[in-house]
Amino acid sequence: GAGVSQSPSNKVTEKGKDVELRCDPISGHTALYWYRQSLGQGLEFLIYFQGNSAPDKSGLPSDRFSAERTGGSVSTLTIQRTQQEDSAVYLCASSLGAGTQETQYFGPGTRLLVL
Amino acid sequence: RKEVEQDPGPFNVPEGATVAFNCTYSNSASQSFFWYRQDCRKEPKLLMSVYSSGNEDGRFTAQLNRASQYISLLIRDSKLSDSATYLCVVKKRAGYALNFGKGTSLLVTP
């Protein structure tokens, strides 16, 4: 079956512009997560959705970052007024539920480069 | 101090060798433990979950020591295709995100 998909796969933008990154989770998965991976760094948690609500937004680095999820499915991560330090791979993952042993399946990521 | 710590490597080993990776975690309340594998410029994929009793999947064996807050991964009879970054992952409890180590790089050479 189809896995997690993300778009765009690559995005180059100028400092100060806004960007929107999209994630389509696996059908039926109620939990959705956003992470980012900067060069030489581990994966860093950003936000977690259960259905359409976000019980944990603790990883969002600043108020320039926001995310929403609609219809319990597609999610959009928005970065306003992008900065060069926002350059990273943004990864989305989904899981059937949020239990302790639930496997998270990752999408291929969006590579963001802020010039 | 980072919550999940790993030796970044790289580990360069010949085909057929046995290699072990270690990981420590700082939050004693952590409930779930995993090893993920990440190939260059690809997304992470679950390799195996780690249980207190230890578990094995083919050439891969994972161990968890809760008292020492230590996780290990053993790869026997290394293949060229095992070359990747191995990520140690910890989850605090249900409803929380995964907490990743920075990964250990493995290169298996002919």
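It should be noted that the structure appears before, not after, this text.
Computed from a predicted structure; not experimentally measured.

Caption draft 1: Looking closely at the interface of chain B and chain A. Counting from both sides, the interface comprises 22 residues of chain B and, opposite them, 21 residues of chain A. Of the roughly 1800 Å² buried at the junction of chain B and chain A (both faces included), carbon and sulfur atoms supply 51%. Counting across the chain B and chain A interface gives 0 salt bridges. Where the side of chain B that touches chain A is concerned, the elements lending two or more residues are strand S4 (32-38), strand S5 (45-50), strand S9 (84-91) and strand S10 (98-100) of chain B. Ranked by residue count, the leading element in the side of chain B that touches chain A is S4 of chain B, at 4 residues.

Caption draft 2: Representation of the sheet that holds strand S7 (residues 65-69) of chain A in the model. Residue and element names in this part refer to chain A. One open sheet holds the 4 strands; their spatial order is S1-S3-S8-S7, and the pairing between them is antiparallel. Pairing within the sheet leaves two strands with one partner each, and these edge strands are strand S1 (5-7) and S7. The sheet shows a mean angle of 15° between the axes of neighbouring strands, taken without regard to direction. In this sheet, strand S8 (residues 75-79) lies alongside S7 in antiparallel orientation, the contact comprising 5 bridges. Bridge pairing in S8 links Arg69 to Ser75.

Caption draft 3: Inspection of the environment of Pro108 of chain A at higher detail. Looking at where Pro108 of chain A falls in the secondary structure, it is placed in the loop between strand S10 (105-106) and strand S11 (110-114). In the structure, Pro108 of chain A is positioned 105 residues away from Gly3 of chain A in sequence and 9.5 Å away in space, judged by C-alpha atoms. The residues touching Pro108 of chain A, leaving out its near neighbours within four places in the chain, are Val4, Ser5, Gln6 and Leu91 of chain A together with Glu43 of chain B.

Caption draft 4: Examining the nonpolar core more closely. Ranked by size, the top nonpolar core spans 23 residues in total, and within it Phe21, Trp35, Ile71, Leu73, Ile75, Tyr86 and Leu106 of chain B carry the most contacts. Contributions of two or more residues to this core are made by strand S3 (19-25), S4, S5, strand S7 (60-65), strand S8 (70-75), S9 and strand S11 (104-109) of chain B.

Caption draft 5: Highlighting the packing of aromatic side chains. Evaluation of the coordinates by the stated rule reveals 12 aromatic pairs over all chains. Measuring from centroid to centroid gives 5.9 Å for Phe106 of chain A and Phe100 of chain B, while their planes differ by 75°, and the two rings are edge-to-face. Here the residue Phe106 of chain A occupies a position in strand S10, and Phe100 of chain B occupies one in strand S10, the pair thus bridging two chains. For Phe106 of chain A, a relative accessible area of 7% puts it in the buried group. What makes Phe100 of chain B buried here is its relative accessible area of 1%. By the ring-pair criterion, three or more aromatic residues cluster together here, those being Tyr33, Tyr35, Phe45, Tyr48 and Phe106 of chain A together with Phe34, Tyr36 and Phe100 of chain B.

Caption draft 6: Quick look at the side chain of Ser30 of chain B. Residues and elements named next belong to chain B. Turning to its location among the elements, Ser30 is positioned in the loop between S3 and S4. Within the structure, Ser30 has its side chain in polar contact with the backbone oxygen of Asn27 (distance 2.8 Å). The contact partners of Ser30, leaving out residues within four places of it in the chain, are Tyr25, Arg66, Val90, Lys91 and Lys92.

The rules behind each value
- Per chain, residue numbering runs from 1 following the sequence as it is written.
- Chains and ligands are labelled by the order in which they are written, letters from A for the one and numbers from 1 for the other.
- For this predicted model, a pLDDT threshold of at least 70 governs which residues receive local features, and a threshold of 80 or more governs which side-chain atom pairs are given and counted, while totals over whole chains, interfaces and linings are taken from all residues.
- Note that the side-chain values use all heavy atoms of the structure and ignore hydrogens as well as water.
- The contact rule is simple, with two residues in contact once any of their heavy atoms fall within 4.5 Å.
- Take the accessible area each of two parts loses on contact, using a 1.4 Å probe, and add the two losses: that sum is the buried area.
- Salt bridge, as used here: a side-chain nitrogen of Lys or Arg that lies within 4 Å of a carboxyl oxygen of Asp or Glu.
- In this text, helices come from DSSP runs of H or I with a minimum length of four residues, and strands from runs of E with a minimum of two, each type numbered from the N-terminal end.
- For two strands to count as paired, DSSP must find a minimum of two bridges between them.
- Structural elements are reduced to axes, namely lines fitted to C-alpha atoms, with helices fitted over the stretch in contact, and the angle between N-to-C directions of any two is expressed from 0 to 180 degrees.
- What we call a nonpolar core is a set of buried Ala, Val, Leu, Ile, Met, Phe, Trp, Tyr and Cys residues that are connected through their side-chain atoms within 4.5 Å.
- For each residue, the accessible area found with a 1.4 Å probe, counting protein chains only, is set against the maximum for its type, and the residue is called buried under 20%, exposed over 50%, and partly exposed in between.
- Whether two aromatic rings pair depends on their centres lying within 6.5 Å, for rings of Phe, Tyr and Trp, where Trp uses its six-membered ring; planes under 30 degrees apart make the pair stacked, over 60 edge-to-face, and the rest tilted.
- Think of a polar contact as two N or O atoms within 3.5 Å of one another; within protein, one of them needs to be a possible hydrogen donor and the other a possible acceptor, and neighboring residues in sequence only count if both atoms come from side chains.

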